[in-house]
Amino acid sequence: MKLFILIILFFFALNVIAEGSSRSIVPDTMTERVRACTICHQDGDHDQARSTYYPRIAGKLEGYLFNQLRHFRDGRRYHQPMALLLENMSDDYLQAIARHFSQLNVPYPSPESIDLKSNEIQLVEKLIRLGDPQRNIPACSACHGDTLMGNTPYIPGLLGLPSAYLTAQLSGWRSGSLIRGQVTNCMSEIAKQLSYDEIIAISRWLATQAVEGEAQKVLSPDLIKRCQSIFLEGVAQE
Amino acid sequence: MSPYYFCFTSGFARKCALGYLVFFVLFGVQINLISAAPGEQDLARGEYLTRVGNCLGCHTAKGGVPFAGGRRLSTAFGTFMTPNITPDKETGIGHWTEEDFWLAMHEGKSRDGRMLYPAFPYTEFTKVSRADVKSIFQYLQSIAAVSQVNPAHEIPFPYNSKPLLFGWRKLFFKQGIYEADPTQSEEWNRGAYLVQGLGHCDACHTARNEVGAKKDAAVGGGQMMGANWYAPSLYSRKEASVTDWSLEAIIELLSSGVSKHANVSGPMATVVQQSLQYWSPQDIRAMAVYLKSLPDKTTQENVRYPEMPESAKRYLAQGEKIYEKYCQDCHGEVGQGVPGIYPALANNRGVTLPVPLNLIRAVLNGGYPPTTHLNPQPYGMPPFQQLLRDDEIAQVSSYIRNAWGNRAGLVTIVDVDQGRGGNH
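Just so we're clear, the structure is a prediction, and the values are computed from it rather than from any experiment. (Residues numbered from 1 in each chain as written. Chains lettered and ligands numbered in written order. Predicted model: local features only at pLDDT ≥ 70, side-chain atom pairs only at ≥ 80, totals over all residues. Heavy atoms only, no water.)

Remarks on the overall build of chain B
We count it as follows: Strands are runs of DSSP state E lasting at least two residues, helices are runs of H or I lasting at least four, and both sets are numbered from the N terminus onward. A 1.4 Å probe and the Shrake-Rupley method give the accessible areas. Residues count as covered only by the protein chains that appear here.
When its secondary structure is counted, chain B shows 18 helices and four strands. Looking at chain B as shown, the accessible area adds up to about 20100 Å², and 56% of this sits on carbon and sulfur atoms.

Comments concerning the state of the cysteines
To keep it simple, the criterion reads: Counting rule for disulfides: a pair of cysteine sulfur atoms within 2.5 Å. Working definition: with a 1.4 Å probe on protein chains only, accessible area under 20% of the residue-type maximum means buried, over 50% means exposed, and in between means partly exposed.
For the structure on display, the rule yields one disulfide over all chains. Shown here is the disulfide that connects Cys186 of chain A with Cys227 of chain A, its sulfur atoms set 2.1 Å apart. Taking the sign of the torsion about the S-S bond as the criterion, the disulfide between Cys186 of chain A and Cys227 of chain A, at about 100°, is right-handed. Here Cys186 of chain A is found in helix α11 (residues 186-193), whereas its partner Cys227 of chain A is found in the loop between α13 (221-226) and α14 (228-237), with 41 residues between them in sequence. Comparing Cys186 of chain A with Cys227 of chain A shows no difference in burial state: the two are buried. Of the cysteine sulfurs around Cys201 of chain B, a residue in no disulfide, the closest is that of Cys204 of chain B, at 8.9 Å. Residue Cys330 of chain B stays outside any disulfide, its sulfur separated by 8.8 Å from that of Cys327 of chain B, the closest cysteine.

With respect to the nonpolar core
This is how it is decided: For our purposes a nonpolar core is just a set of buried Ala, Val, Leu, Ile, Met, Phe, Trp, Tyr and Cys residues, chained together by side-chain atoms within 4.5 Å. Segment limits for the domains were obtained from an automatic or database-derived domain assignment. The contact rule is simple, with two residues in contact once any of their heavy atoms fall within 4.5 Å.
Counting 55 residues, the largest nonpolar core has Phe101, Leu140, Ile250, Trp279, Met287 and Leu291 of chain B as the members making the most contacts within it. For this core, the elements supplying multiple residues, two or more each, are α3 (40-53), α5 (98-107), α6 (122-125), α7 (130-142), α9 (186-196), α10 (247-256), α11 (266-274) and α12 (281-293) of chain B. Counting only domains with at least three residues in this core, you end up with domain 2 (43-172) and domain 3 (202-293) of chain B. With residues near it in sequence (within four places) discarded, Ile250 of chain B still touches Val242, Trp245, Ala288, Leu291 and Lys292 of chain B. Within the second largest apolar cluster, 24 residues are counted, among which are Val124, Met149, Leu159 and Ala201 of chain A.

Here's the deal with the pairing of strand β2 (residues 78-81) of chain B
In the case of a regular strand, side chains alternate between the two sheet surfaces. Residues and elements named next belong to chain B. Stated precisely, the cut-off is as follows: Two strands pair under a simple rule: DSSP has to find at least two bridges between them.
Alignment of strand β1 (residues 72-75) against β2, held across four bridges, turns out to be antiparallel. Considered in β2, the bridge of Arg72 is made with Met81. Between the antiparallel neighbours β1 and β2 lie two residues.

Digging into helix α10 (residues 163-175) of chain A
All names here are of chain A. Put simply, the rule is: Each residue after the first adds 1.5 Å to the expected span of a helix.
The terminal C-alpha atoms of α10 lie 18 Å apart, and with 13 residues this matches the ideal 18 Å at 1.5 Å per residue to within 8%. Looking at α10, one finds that the buried residues are Ser163, Tyr165, Leu166, Ala168, Gln169, Leu170, Ser171, Gly172 and Trp173. In this structure, the buried side of α10 is in contact with α11 and α12 (196-207).

Quick word on the confidence of the model for chain B
Residues and elements named next belong to chain B. Heads up, the rule is: How sure the predictor is of each residue is captured by pLDDT, a score from 0 to 100.
In the predicted model, chain B carries a mean pLDDT of 86, and the fraction of residues at 70 or more is 84%. Segment residues 1-35 is flagged for pLDDT under 50; beyond a separation of four residues in sequence, or across chains, it makes 46 contacts in the model. Of the regions scoring below 50 in pLDDT, residues 216-220 engages in 17 contacts with residues more than four places distant in sequence or in other chains. For this predicted complex, the interface confidence comes out at an ipTM of 0.85, alongside a pTM of 0.90.

Quick notes on the interface of chain A and chain B
Convention followed: Buried area adds together the accessible area that both of two parts lose upon being put together, with accessible area traced by a 1.4 Å probe. For salt bridges, the criterion is a side-chain nitrogen of Lys or Arg within 4 Å of an Asp or Glu carboxyl oxygen. Polar contact is defined as a pair of N or O atoms within 3.5 Å, subject to the rule that within protein one atom must be able to donate a hydrogen and the other to accept it, and that residues adjacent in sequence are counted only when both atoms are side-chain atoms. Residues are grouped as follows: nonpolar covers Ala, Val, Leu, Ile, Met, Phe, Trp, Tyr, Cys and Pro; charged covers Asp, Glu, Lys and Arg; every other residue, Gly included, is treated as polar.
The partner chain B presents 31 residues to the 29 residues of chain A that form the contact. With both chains or domains summed, chain A and chain B bury close to 2500 Å², and 55% of this area falls on carbon and sulfur atoms. Of all residues in chain A, Arg33, Ile39 and Asn88 of chain A bury the most surface against chain B, accounting for 25% of the area lost on that side. Applying the counting criterion to the chain A and chain B interface returns one salt bridge. Of the charged contacts in the structure, one is a salt bridge between Arg35 of chain A and Asp329 of chain B, with a shortest N-O distance of 2.7 Å. At the junction of chain A and chain B, the tally comes to 11 residue pairs in polar contact (both at pLDDT 80 or more). Within the residue set of the side of chain A that touches chain B, elements represented by two or more residues are α1 (2-23), α2 (30-33), α3 (35-38), α6 (80-86) and α7 (91-102) of chain A. The dominant element in the side of chain A that touches chain B, judged by the number of residues it contributes, is α6 of chain A, at four residues. For the side of chain A that touches chain B, the residue count by class is 15 nonpolar, five polar and nine charged.

Here we look at the environment of Trp245 of chain B
Structurally, Trp245 of chain B is set in the loop between β4 (230-231) and α10. Excluding anything up to four places from it in sequence, Trp245 of chain B contacts Ile250, Leu253, Ser259, His261, Ala262, Lys292 and Arg349 of chain B.

Some details on the packing of aromatic side chains
All names here are of chain B. Quick reminder of the rule: Working definition: a ring pair exists when centres of Phe, Tyr or Trp rings (six-membered ring for Trp) sit within 6.5 Å. Plane angles under 30 degrees give stacked, over 60 give edge-to-face, the rest tilted.
Considering all chains together, one arrives at 17 aromatic pairs over all chains under this definition. On the numbers, 5.1 Å between centres and 70° between planes, the contact of Trp188 with Tyr290 is edge-to-face. Note that Trp188 is positioned in helix α9 and Tyr290 in helix α12, a separation of 102 residues in sequence. A relative accessible area of 12% places Trp188 in the buried class. Looking at Tyr290, the relative accessible area reads 5%, which means it is buried. Both rings, one in Tyr323 and one in Tyr399, keep their centres 5.8 Å apart while their planes meet at 50°; by these two values the pair is tilted.

Some words on the environment of Ser255 of chain B
Residues and elements named next belong to chain B. Following the sequence through the fold, Ser255 ends up in helix α10. Between the C-alpha atom of Ser255 and that of Ser280, which follows or precedes it by 25 residues, the distance is 9.6 Å. Polar side-chain contacts of Ser255 include one of 2.6 Å to the backbone oxygen of Ile251.

Thoughts on unusual backbone geometry
The amide bond that connects Thr152 of chain A to the next residue, Pro153 of chain A, takes the cis arrangement and shows omega of 0°. Structurally, Pro153 of chain A can be placed in the loop between α9 (140-144) and α10. The linkage connecting Phe157 of chain B with the following residue, Pro158 of chain B, adopts the cis geometry, with an omega of 5°. Tracing the sequence through the fold places Pro158 of chain B in the loop between α7 and α8 (162-172). Phi at His200 of chain B is positive, roughly 35°, even though this residue is not glycine. With respect to the helices and strands, His200 of chain B occurs in the loop between α9 and β3 (222-223). The backbone of Trp404 of chain B sits at a positive phi, close to 50°, despite the residue not being glycine. Mapped onto the elements of the fold, Trp404 of chain B is located in the loop between α17 (390-401) and α18 (413-419).

Here we look at empty space enclosed by the protein
All names here are of chain A. Rules: Of the grid points, spaced at 1 Å and generated over the protein atoms alone, those admitting a 1.4 Å probe that cannot get out make up cavities, while open sets with protein on both sides within 12 Å along at least five of seven lines make up pockets; any residue with an atom within 4 Å of a point is treated as lining. Grid points are joined across faces, edges and corners, and a volume is the space filled by probe spheres set on the points.
Inspection of every chain in the model, using the stated rule, returns three cavities of 30 Å³ or more. Volume-wise, the largest cavity comes out at about 660 Å³. Lining the largest cavity are 40 residues; nearest its centre among them are His144, Pro156, Leu158, Trp173 and Met187. Mapped by element, the contributors of at least two residues to the lining of the largest cavity are α5 (62-73), α8 (118-129), α9, α10, α11, α12, α13 and α14. In terms of residues, the lining of the largest cavity owes the most to one element, α10, which gives five residues. The residue makeup of the lining of the largest cavity, split by class, is 28 nonpolar, seven polar and five charged.

Brief notes about α10 of chain B
Residue and element names in this part refer to chain B. In terms of burial, α10 is largely enclosed, as seven of its 10 residues are buried. Buried within α10 we find Leu247, Ala249, Ile250, Leu253, Leu254, Ser255 and Ser256. Where the residues of α10 are buried, they touch α11 and α12. Positioned one or two residues after α10, Gly257 has a phi angle of 95°, which is positive.

Set out below in structure tokens:
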């Protein structure tokens, strides 16, 4: 019996060695596995970052990325090329991919240079820092962090993204479109309250900010409650 | 195949006894003559069989509640909406009896007598034994009831007409459970039972005619209804026949999604992810034994390709440049690939299929093999539709179909255009 086990182990080892040698050509890393993603999301390629619609995903919060990947796979957020790539992936793999991108530390592009009128700047800064209680809009910074670099684990940072992308997201929520309007949560409700002029001004303002600081780690209990659906959704999968 | 059925219809008493023994050891099934509520073992068996039939895959909306229906199935005849099959009394099948359920699976009739559309693969499920259908029913009645009303099918005239469906059934639906072939082994019969019945491989792997009926003998190839994919023939060495493969290679491909000969992609990747990866080792093996035994029915003799004209050679040279720049890094200098990671393109049937649809889809959309227990973190192929123009995609596709010993027709811009769209 012992001999039998030994023989089995021996063959097993042989097998591993053989496998190892053929695999050694291809790095056994997440970086290699997500080449299908980085063909578009070339975070760190600053010419691309500025000229295209592809949002940066490197360094974003893991929980947020995981939620988005599930949305794309399950048709709640729409971008066909990504839906096709993610179609037959398990939650476990999506989590691993989210973790991989969240841990990347790639330099951010320099801000876009867009001229903003002073009344636009005022309007935006007020929404960002104070919100608009009359329309039940909290300060953006209350959720997205004082630095606007996000709030662990589910609220993303808003800096370092192309203005065209930001406009499309906020308008998507506002109009309930396929791109991003299929999910109702605290953010879609806020975006519905914004006017298109405000959306454009905010997107341009955000894209012109220098990227600095870290993600925040505290969210007030009433805002947690307000974003309950996102927190529950994330926890259910842990 | 269920041993109950097999033993009643075949003369192999001894094999049968053995089969029973194995069956008892494997599933620990108890026969309850005065059968009452199903035990845990029965439910586990029922759950397993729903995996084999992939009821979950079709009867769950994307990101939706399991078995509550609402998945849209686009076909050439319109869009079907799968029903709720949880035991909810109002919106599901909670008030169904086992007999009602049997009639749906076996005869394709709903509880109210309505003829069901063959988008529900009862054309294959009719081969499933009564005992297996009962297990599935017991399991489905044991899960949580979910109240969910799904939208109606969107089937335009004339396909929504009762007489048409009636006529279709008369012509093309052959009702009846699987009959074992006594000249074949028990394992082979089990494989045939699974492939032709619950596994419903024919639902895709068969050419269909204008009214959605299968064109020829089981498991020939054909463009899938609605989905823009070509399901290759399991009867042709040039397509998806695995006659020349080792059993191990067949098992590896169908349970993990990758092998040194090929990868599964598109709808087949979904089948592996949702169903085949969960098949028991015995059932996967039985299926492999059966698939390997299928004869090569290729009628066409080896096509002789004439010497290429200069213009075609120039076209391919363009393709070669694109290959070197964008593809070679993964698929290798001579299209050799890396086994289990990046598929070889040389000597790959998926690349040289007469219908170049799947190849074009791969280049336009990229893709990942399915995540499975055996291959939980697959490597992926990037999409190129945002990077290459249609003429470039046609060139590189033509090149890989005619490099390293591959030989197949050239791909045109029109082909590339037809490869776009579709729901998969």
